[in-house]
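# A closer look at the structure
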Amino acid sequence: MKRIVFLASLFTSFALAVSAQPDPSYYLPDGVSYNPAIPTPKSIIGHEVGEWHVTHDRLINYMYALDKASDRVSLEVTGYTYEGRPLLLLTITSPKNHENLETIRAQHVQLSDPSKSSSLDTKNMPVVFYIGFSIHGNEASGVNAGLLAAYHFAAAQGPEMEGHLNNTVILFDPCYNPDGMQRFSSWVNSRKSLVTSTDPNDTEHNEAWPGGRFNHYWFDLNRDWLVAQHPESRARVKNFQRWKPNVLTDHHEMGTNSSFFFQPGVPSRMHPLTPTKNLELTKRIGEFHAKSLDEIGSFYFTQEGYDDFYYGKGSTFPDVQGSIGILFEQASSRGHAQESINGILRFPFTIRNQFTTALSSLKAINAMREDLLNYQRQFYKDALNESAKDQIKAYVFGSAKDPARSFHLAEIIARQSIDIYKLSGAQTINNKSYEATSSYVVPLNQAQYKLIKGMFEKRTSFTDSLFYDISSWTLPLALGLDYEEMKSVPAMGEKVVTATLPAGKRVGSKSEYAYAFESFGYYAPRAIYRLLSHGLMLKVASDPFFHPDGRKFERGAIMLPVAGQEKTLEQIEFILNDITAKDGIDVVAFNSGLDYKGVSLGSSSFLPLKKPIVAMLVGEGISATDAGEVWHMMDIRFNIPLTLIPINVFERTQLNKYTTIIMPPTVAGFSISEGTKEKLRAWVQAGGVLIGLENALNWITTAGLGKFDMKKDEEKKDAQKNRAYADIEEFTGAQETSGAIFEATVDLSHPLLYGYSSDRIPIFKSNNLFMEKSKGSYSNPIVFTAAPLLSGYMSKENYAKAKSSSVAGVSVLGQGRVIGFTDNLCFRAFWLGSNKMLMNAIFYGPLINAASAR
Ligand SMILES: [Zn+2]
């Protein structure tokens, strides 16, 4: 009956049939009876689903209530967000399965262990289904549909649901991104009118910057599954690896004028490490979604958009681990109701599509249970067979000079159920030295072979030239580490279970004279700031120097004289102990300053450092993710205060309290008044350091504050000749640089490169900014090589311009410095290799010699 009504009213005009109080019967399937002992969402959250946007506190109250009321549900807190919100996981299955849950889990994960999986009887094993919602916090239909899905799973009665629960362990993750979801729900609820505004111009539909999509530090959590740099991902990945689900679903939203999307994505844009069988199974699952959406009269599309290439996305991450990831995208009402090309799109309608596909997912997974279990088992057997044929038997990585970055990669790897070991002893491989303390071995003869390949491989040829996200992410390059593809497995030391940052050491006893440390350590900026924030005077070496025992210190080493400080030696000692223990840096005591080989400690080659006071422009017109990456790095990694200054406040603020201003990349809507531009100019002229990132350099150049000329677009004209209209998207898409890895040669004597030891450094490139090399001497500290592509995709036209282009430079304006970088130096919190260039600009910017200006 219901079906006829909806066919008659077309898919969005449900609006007409529904009042402001959507009735639960609108969502729930016909003919299902619900256990009255299980609370409905409304009885706990205080409103009907879809009437308001559920807030996070109410959402979790409901989940706790289900846990209490239902013997199908058990709830655990698996972590906390940055803002302290609990991350919940509900395990939903039959009461009988609950009694044997640990046995079921232990048996299930054996499917991914070829040494044990052959004997498993998949005919009688439950399938594991991980379902989660709204990783982009402002894609709210998912998380609101989750209320209904949880209710249905806990309360629906009858043989179908009971059968599903006997055969399925549902891992129910009600909210992938609590902080963003809370931000968005507050926005739309607090702007809702009694007479719902459907006008897209209404404030309800126009979130303030940075919007609810991101987590606390403005990161897109749906790019973080592989490297798991955030607490939300860490908790989730732990759940995933503990259970190894067969299917993981990920409910999103897209543009208001669209319809509904379910995977498969574009088949030619699947990552080659994903088996083609994955696509077949995804298509079969899709048939269940299609049928259910047909039944409620909802339109959809599949296979035309989105891809499965980057393993850091939730719907792609499972694909390299014997599981099937499914992406759903619902057109967003972005508020309670909004006009669209398909009529008025109402929030309840969007919730219903998500809820319907949550149910069709469960149906599909049950119908395909054995196939999915067998697929997972076979995936891991095949992986092991492939690893036996692979010429590479292990990866070794490390950094002789910086154990911290090496530790961070070990941590990323160990978190993904990959066996990783310490190198048993120091080795020299391909003329690079690998120390036992800072080097690790990842043997390939293990179940997670494919995931390991997905982390380490370099790839420069592709079947498709369009990427929804980055085209390469080779992790040792991202962390700036040396690494080797080994033809045999080297001697391995202890297995890494939970990696810990290796502590540094104190060399020599207490000194009344001086201390020094190298700046190669990843946490050197934190150590430097630790000292400066205590009011200590310290200096950076612009030339190498030697300890009386012969130990050499490179440019960029930090020297702390003891005489003249306002702190006692005991207080200084206390801080230095923190630097070794917390920052992992070796601190060396000096009892004499004499140095005939290098420079003596009293030399003018030691330049005094000042504590930087840093502000960064944020707000409308600034790229939130880029700004968030800098914020996260300064705050979480280096514990350095950073004022996040909104542009409208910047307009009316005195700048002289800041030593340094960071201008992140801009997006549409960026604007600074003429008066503020002149204020900024005067501030730089008086000695300020302005740091421009990526396209901010275009504004800086146009404003006459610095000279960062980009190569012009000439080649493109030719390439665009004589193309078919239908190829517009294909060609323009192919010109985008969505994220590839390039090699630069660097001038290690330049202050921007202090703390680096190799003259070749991988740089992440995700834009088409190609800076002309400066004609000045000493002024091209970082330049792409003549054949710079290490891994990833870039069009021929752009690649021609990328070759030998300049990545960084310094302009001089009065007493000040304007420092520009064309590329993202702290991409997604895992590109640790280039972080220090930005930190060097902050600490050493004022010291850069004017003769090196562009
Ligand atoms: Zn999304």
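Reading the values: rules and limits
- Just so you know, the residues in each chain are numbered from 1, in the order the chain's sequence is written.
- Whole-chain, interface and lining totals are the exception, using all residues; otherwise, since this is a predicted model, local features are given only for residues with pLDDT of at least 70 and side-chain atom pairs are given and counted only at 80 or more.
- Side-chain measures here rest on the full set of heavy atoms in the structure, leaving out hydrogens and waters.
- Counting from the N terminus, the helices are the DSSP runs of H or I reaching at least four residues and the strands are the DSSP runs of E reaching at least two.
- Atoms considered for the radius of gyration are the C-alpha atoms alone. The globule rule reads 2.2 Å times the number of residues to the power 0.38.
- Summary of the burial criterion: residues with accessible area below 20% of their type's maximum are buried, those above 50% are exposed, and those between are partly exposed, where the area comes from a 1.4 Å probe applied to protein chains only.
- In what follows, a contact means two residues having at least one pair of non-hydrogen atoms within 4.5 Å.
- Calculation of accessible area relied on Shrake-Rupley with a 1.4 Å probe; when residues are assessed, cover is drawn exclusively from the protein chains displayed.
- Only four residue types enter the charge count: Lys and Arg as positive, Asp and Glu as negative, with His and the chain ends excluded.
- We put the charge of a Lys on NZ, of an Arg on CZ, of an Asp on CG and of a Glu on CD.
- Note that water is not among the atoms used; donors are N, O and S atoms within 2.8 Å of the metal (3.2 Å for Na, K and Ca), so sites may look incomplete.
- Angle rules define the geometry names used: all angles between 85 and 135 degrees makes four donors tetrahedral, while opposite donors over 155 degrees apart and all other angles between 65 and 115 make four donors square planar and six octahedral, leaving every other case irregular.
- Values of pLDDT, which run from 0 to 100, indicate the predictor's confidence residue by residue.
- Within this document, salt bridges are pairs made up of a side-chain nitrogen of Lys or Arg and a carboxyl oxygen of Asp or Glu, the two lying within 4 Å of each other.
- Paired strands are those between which DSSP finds at least two bridges.
- The axes are straight lines fitted to the C-alpha atoms, using for helices just the contacting stretch, and the angles between their N-to-C directions are given from 0 to 180°.
- Two rings belonging to Phe, Tyr or Trp (six-membered ring only in the last case) form a pair when the distance between their centres is within 6.5 Å. Interplanar angles under 30 degrees mark stacking, angles over 60 mark edge-to-face geometry, and anything in between is tilted.
- Only when the NZ of Lys or the CZ of Arg is both within 6 Å of the ring centre and within 35 degrees of the ring normal is a charge said to sit over the ring.
- Note on terminology: a nonpolar core comprises buried Ala, Val, Leu, Ile, Met, Phe, Trp, Tyr and Cys residues joined through side-chain atoms within 4.5 Å.
- The span expected for a helix works out to 1.5 Å for each residue beyond the first.

Looking only at helices and strands, one finds 28 helices and 33 strands in the chain. The C-alpha radius of gyration computed for the chain amounts to 29 Å, which stays within 12% of the reference 29 Å derived for 854 residues, consistent with globular compactness. Overall, the C-alpha framework of the chain stretches about 90 × 65 × 60 Å when taken along its three principal axes. The proportion of buried residues among the 854 residues of the chain is 63%. Taking the contacts inside the chain whose residues are at least 6 apart along the sequence as the reference set, 79% of them involve residues at least 24 apart. Summing over all exposed atoms, the chain offers an accessible surface of approximately 31600 Å²; the carbon and sulfur share of this is 50%. Of the charged side chains in the chain, 85 are positive and 88 negative; the average position of the first set lies 3 Å away from that of the second.

This paragraph deals with the coordination of the zinc ion. In this structure, His136 (ND1), Glu139 (OE), Glu139 (OE) and His252 (ND1) serve as the protein donors to the zinc ion, at separations of 2.0 to 2.6 Å. Geometry at the zinc ion is irregular, judged from the four donor atoms that bind it and their angles of 54 to 153° at the metal. Binding-site remark: the zinc ion is held by donors from one chain whose sequence spacing is H-x2-E-x112-H. We note that His136, like Glu139, is buried.

Chain-level pLDDT for the chain is 95 on average; 97% of the residues reach the 70-or-more range. Scored below 50 in pLDDT, residues 1-19 shows 27 contacts in the model against residues more than four places distant or in partner chains.

The omega torsion of the bond from Trp209 to Pro210 falls at 0°, within 30 degrees of zero and hence cis. Relative to the assigned elements, Pro210 resides in the loop between helix 11 (178-190) and helix 12 (231-243). Look at the link from Gln263 to Pro264: it is a cis peptide, with omega at 25°. One can find Pro264 in the loop between strand 6 (260-262) and helix 13 (276-295). Not every positive phi belongs to a glycine, and Gln303 is a case in point at roughly 70°. Note on placement: Gln303 falls in the loop between helix 13 and strand 7 (324-331). According to the relative accessible area criterion, Gln303 is partly exposed, its value standing at 34%. For Glu694, which is not glycine, the phi torsion reads 50° and is therefore positive.

The tally for this structure, following the rule as stated, stands at 37 salt bridges. We note a salt bridge from Lys505 to Asp586, for which the minimum N-O separation is 3.1 Å. Of this pair, Lys505 sits in the loop between strand 16 (492-495) and strand 17 (506-507) while Asp586 sits in the loop between helix 20 (569-583) and strand 23 (587-590), placing them 81 residues apart in sequence. For the salt bridge of Arg681 with Glu678, the shortest nitrogen-to-oxygen distance reads 2.9 Å. Taken as a pair, Arg681 and Glu678 lie in helix 23 (residues 674-685) at a separation of three residues, close to a single helical turn. On the basis of relative accessibility, which here comes to 19%, the residue Arg681 falls in the buried class.

Okay, the sheet that holds strand 14 (residues 439-443) next. Pairing between the strands of a sheet is mediated by backbone hydrogen bonds and can be parallel or antiparallel. Taken together, the five strands give an open sheet; going across it, the order is 15-10-14-11-16, and neighbouring strands pair in antiparallel fashion. Only two strands of the sheet have a single neighbouring strand rather than two, namely strand 15 (482-486) and strand 16. The mean inter-strand angle of the sheet, taken between neighbouring strand axes irrespective of direction, is 30°. Here two bridges tie strand 11 (residues 421-423) to strand 14, and the two strands are oriented antiparallel to one another. In the strand pairing of strand 14, Tyr421 is matched with Val441. Most of the contacts of helix 17 (residues 449-456) go to strand 10 (residues 394-398), to which it runs at about 45°, and overall it touches strand 10, strand 14 and strand 15.

Let us look at the packing of aromatic side chains. Per the counting criterion, the structure on display carries 45 aromatic pairs. On the numbers, 5.4 Å between centres and 25° between planes, the contact of Phe397 with Tyr440 is stacked. Of this pair, Phe397 sits in strand 10 while Tyr440 sits in strand 14; the two residues are 43 residues apart in sequence, bridging distant segments of the chain. Summarising the burial analysis for this pair, Phe397 and Tyr440 share the class buried. Through a chain of ring-to-ring contacts, three or more aromatic side chains come together here, namely Phe309, Tyr310, Tyr311, Phe462, Phe467, Trp473 and Tyr793. Sitting over the ring of Trp52, Lys192 keeps its end group 4.2 Å from the ring centre. A cation sits over an aromatic face here: Lys597 above Phe546, 4.5 Å from the ring centre.

Strands sit in the order 1-2-4-3-5-7-6 across an open sheet of seven strands; the sheet is mixed. The open sheet has two free edges, formed respectively by strand 1 (73-80) and strand 6, since each of these has just one partner strand. Mean inter-strand twist for the sheet, computed between neighbouring axes without regard to direction, equals 20°. As judged from the eight bridges shared by strand 5 (residues 247-254) and strand 7, these two strands associate in the parallel manner. Residue pairing for strand 7: Val247 is matched across the bridge by Ile324. Across the sheet, helix 13 is in contact with strand 5, strand 6 and strand 7; its angle to strand 7 comes to roughly 35°.

On a regular strand, one side chain projects to one face of the sheet and the next to the other, so that they alternate. Of all six residues making up strand 33 (residues 816-821), six are buried, and the element is well covered by its neighbours. Side-chain alternation along strand 33 places Gly816, Val818 and Gly820 on one buried face and Arg817, Ile819 and Phe821 on a second face that is also buried. Sheet analysis places strand 28 (residues 689-693) next to strand 33, joined by five bridges and oriented parallel. Following the sheet pairing, Val689 is matched in strand 33 by Arg817.

A few words on the nonpolar core. Grouped together as the largest cluster of nonpolar side chains are 155 residues, with contacts concentrated most on Phe397, Leu690, Ile691, Ile782 and Phe821. If near-sequence neighbours (up to four positions away) are discounted, Ile782 is found in contact with Ala744, Thr745, Val746, Leu753, Ile763, Ser806, Val807, Ala808, Phe821 and Met837. One finds Ala145, Ile296, Ala358 and Tyr375 within the second-largest nonpolar core, a separate group that totals 70 residues.

This next bit is on helix 13. For helix 13, which comprises 20 residues, the first-to-last C-alpha distance of 30 Å matches the rise-based estimate of 28 Å (1.5 Å per residue) to within 8%. Three or more residues of helix 13 are buried, namely Asn278, Leu279, Leu281, Thr282, Ile285, Gly286, His289, Ala290, Ser292 and Leu293. Considering only its buried residues, helix 13 is in contact with strand 5, strand 6, strand 7, helix 14 (347-367) and helix 15 (369-389). Immediately downstream of helix 13, the backbone of Gly297 shows phi near 80°, a positive value.

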